[in-house]
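The lines below spell out each chain.
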Amino acid sequence: MGHGMHLLAALDFRTLPEQLVNGIFLGAIYALIALGYTMVYGILRLINFAHGEVYMLGAYVSLFVSRMLGFGAQSDKTSSGVLNLLLMLTASMIVCACIGVIIERFAYRPMRSYSRTASLITAIGVSLFLQYGGALFLPNAPPPSINEKVNPFRESYRLVLVHPLASIQTAVDAALGPYEEAKKTYDAYMSKHPGLGEFDLPPEGAAIHQKYMAAKAPYADAESKASTAGVSIVIRQGDIVVLCASVVLMSLLTYLVMFTKPGRAMRAVSHDFDSAALMGVNVNRTITFTFVIGSALAGAGAMMQATFKGTPLTTFFGFVPGTKAFVAAVLGGIGNIPGAVLGGILMGMAEDFVIWLGYSDYSDAIAFVILIVVLLFRPGGLLGSSKVEKV
């Protein structure tokens, strides 16, 4: 009892809203990956364990495209635009879709007439092949990351839920004007002299930098006091872009599945291969199309994670997110598209909640805890069927 009270006293409830919001943004990425798992399972009753590696390859495609656009590790460019992000997103989705087609055609289709166990082992084999085979050809050590300068959405917004004391807020407002003016002048100077660094400025630039730092210090101090005195949420522009893009992609997927001819074919094949074929549905083409859509969504998630989060890349980049997304699909009800979205959001919020509790070292383990609990009490998932299938 005493230990529990001590733990509660140590928690900072003012940061809980921000952690939960961050969890929603993270969950949107998990949801995009989980949709690939749930779509393939819905049609083939196969867990595509290579899906995390497709996600990994999408991140590498984004890295290579960003370098082609001039944003390498040593780039002198200081600004980017939305067009660059769209090019990276499109390239990642197209390449991942092609990889998904290759995996389905040469790995899974020949195993379709065999037992599900054989298909499952094949999926694990493809996953390991991409992980270790990719390490022979892809930059892996030291782990590269996408240059943050390619991301034009690096600024943050602060949403105040509970305002601090009036005196503290007044100090913030008083320091904000000089800080913004000094920052604008300094950024304009640096954009005109892209080859200069912070420590090799000429006298004119050094004076501007000194004025900027002098204005920044009181503002940062007042902002720090305000953030600890009230309750606020800091939201990065990039996170908003990720959430909006994820919602758009999920909405398009829902429309595709529910209201288009390819979507009707996918639903028919998911019920019964033979009956769908008798009704004129090209089963192989429909399955390939499913892999195209699922892999493209993984590529979109990978591009956004690697670009907006700046995560270092290795050929194991997709293993942990892929595992968590699989758990998210099971949590929501694997084979159920709304369930995959719900599972992804809940998974992201649960992970950030564990971090807020102070157990960040165990944030990855929460996925497996949730998996065990769901399988024990609701094997079909939150929105899935409770029907027992014979494997």
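Structure: see above.
Residues numbered from 1 in each chain as written. Predicted model: local features only at pLDDT ≥ 70, side-chain atom pairs only at ≥ 80, totals over all residues. Heavy atoms only, no water.

A. A look at the nonpolar core. Membership of the largest hydrophobic core comes to 86 residues, with the highest contact counts inside it found for I103, Y108, L253 and I370. Ignoring sequence-local partners within four residues, the contact set of I103 consists of A50, V54, Y108, V126 and L130. Of all hydrophobic cores here, the second largest spans 13 residues; its members include Y179, A182, A215 and Y219. (Core = buried A, V, L, I, M, F, W, Y, C linked by side-chain atoms within 4.5 Å. Buried < 20%, exposed > 50% of the residue type's maximum accessible area, 1.4 Å probe, protein only. Contact = heavy atoms within 4.5 Å.)

B. Summary view of the packing of helix α3 (residues 51-68) against helix α11 (residues 283-308). Between α3 and α11, the shortest axis-to-axis distance is 7 Å and the interhelical angle comes to 50°. It follows from the interaxial angle that α3 and α11 lie oblique. Considering how the two elements wind past one another, α3 and α11 form a crossing that is right-handed. Touching H51, V54, Y55, G58, A59 and S62 of α3 are G294, S295, A298, G301, A302, M303, Q305 and A306, all from α11. Taken together, the residues of the contact of α3 with α11 break down into seven nonpolar, seven polar and no charged. (Axes fitted to C-alpha atoms, helices over the stretch in contact; angles between N-to-C directions. Helix = DSSP H or I, 4+ residues; strand = E, 2+ residues; numbered from the N terminus. Parallel < 35°, antiparallel > 145°, perpendicular 65-115°, else oblique. Left-handed = near helix turned anticlockwise from the far one by under 90°. Nonpolar A, V, L, I, M, F, W, Y, C, P; charged D, E, K, R; others polar.)

C. Molecular detail of the pattern of salt bridges. With the rule as written, the count across this model stands at seven salt bridges. When the shortest N-O distance is used, the salt bridge between R109 and E104 registers 3.1 Å. Residue R109 is classed as partly exposed on the basis of its relative accessible area of 22%. Its salt-bridge partner being D239, residue R236 comes within 3.0 Å of it at the nearest N-O pair. A residue is classified by how much of its surface remains accessible, and R236, at 35% relative accessible area, is partly exposed. Bridged by salt links that share partners, the residues E104, R109 and R112 form one connected network. (Salt bridge = Lys/Arg side-chain N within 4 Å of Asp/Glu carboxyl O.)

D. Seen up close, a nonpolar patch on the surface. Taken together, the side chains of L120, I124, L128, Y132, F316, F319 and V320 define a hydrophobic patch exposed on the protein surface, amounting to about 620 Å² of accessible area. Taken together, the elements giving at least two residues each to the nonpolar patch come down to α5 (116-134) and α12 (319-332). Here the element with the most residues in the nonpolar patch is α5; it accounts for four residues. Relative to the elements of secondary structure, L120 occurs in helix α5. (Patch = residues over 30% accessible without salt bridge, like charges linked within 9 Å, V, L, I, M, F, W, Y side chains within 5 Å. Areas by Shrake-Rupley, 256 points an atom, 1.4 Å probe, with all protein chains shown as cover.)

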